[in-house]
Amino acid sequence: MKIIKKLSQIFLIIIFLTSCKTSLKKDTPIINSDENINANTDSEKKRMEIKFSCGEDGISEYLNDGWIILKEDSQEKICTWKSIPATKDCDMEKDKGCKITKPDKIGEEKIYLLEKQF
């Protein structure tokens, strides 16, 4: 019985000693750290997506600010809606159920993907 207790104590001590190893990998200081930081900030780029709808066009402000167009896309978009009566004798003020809403003006929405290097 004493042998089992001693063996179990030795076994527990070995487990504790092996689980508390020190890290073999040590951090080495980076040489020329200022140069590495400058190299990373020089290549920093920002991207942005903007949309202009129904005749709006403010892309020139962004281009003058140094942004570059990476991708340009356009799609059809409804600019305004109008309500019309469903029948000739429909009173749209009294009976809201007889009102039909349909597109009035259809325009174009332009989507730009911009990039600026800092």
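Here is a short report on the structure shown in this document. Quick caveat, the model's predicted, so the values are computed rather than measured. (Residues numbered from 1 in each chain as written. Predicted model: local features only at pLDDT ≥ 70, side-chain atom pairs only at ≥ 80, totals over all residues. Heavy atoms only, no water.)

**Description of the side chain of E115**
- Locating E115 in the fold gives a position in strand 3 (residues 99-117).
- At 3.1 Å, the side chain of E115 and the side chain of R47 are in polar contact.
- Once residues lying within four places of it in the same chain are set aside, the contact partners of E115 are K45, K46, R47, G66, W67, I68 and L70. (Helix = DSSP H or I, 4+ residues; strand = E, 2+ residues; numbered from the N terminus. Polar contact = N/O pair within 3.5 Å; in protein donor to acceptor, adjacent residues only side chain to side chain. Contact = heavy atoms within 4.5 Å.)

**A look at the pattern of salt bridges**
- For the structure on display, the rule yields three salt bridges.
- Salt-bridge contacts for E109 lead to K77; the nearest nitrogen and oxygen are separated by 3.9 Å. Linking E109 in strand 3 with K77 in strand 2 (residues 68-85), this pair joins segments that are 32 residues apart in sequence. (Salt bridge = Lys/Arg side-chain N within 4 Å of Asp/Glu carboxyl O.)

**Comments concerning the nonpolar core**
- Counting residues in each nonpolar core, the largest one holds six residues, listed as I50, F52, I59, W67, Y112 and L114.
- Elements with a minimum of two residues in this core: strand 1 (45-53) and strand 3.
- In this structure Y112 touches M48, E49, I50, F52, D57, I59, I69, K71 and E72, once residues within four positions along its chain are discounted. (Core = buried A, V, L, I, M, F, W, Y, C linked by side-chain atoms within 4.5 Å. Buried < 20%, exposed > 50% of the residue type's maximum accessible area, 1.4 Å probe, protein only.)

**Some details on the packing of aromatic side chains**
- Under the counting rule described, the total for this entry stands at one aromatic pair.
- Where F52 meets Y112, the ring centres are 6.1 Å apart and the plane angle is 65°; that geometry is what we call edge-to-face. A residue pair is termed long-range when its members are at least 10 positions apart, and F52 in strand 1 and Y112 in strand 3 qualify at 60 residues.
- Residue class for Y112 comes out buried when judged on its relative accessible area of 4%. (Phe/Tyr/Trp six-rings, centres within 6.5 Å; stacked < 30°, edge-to-face > 60°.)

**Quick word on the sheet that holds strand 3**
- The three strands lie next to each other as 1-3-2, forming an open sheet whose pairing is antiparallel. This sheet does not close on itself; its edge strands, each paired only once, are strand 1 and strand 2. Each neighbouring strand pair of the sheet contributes to a mean axis angle of 20°, computed without reference to strand direction.
- Sheet topology note: the strand 2/strand 3 ladder contains 16 bridges and is antiparallel. Bridge assignment links T80 to a residue of strand 3, and that residue is K105. (Pairing = 2+ DSSP bridges. Axes fitted to C-alpha atoms, helices over the stretch in contact; angles between N-to-C directions.)

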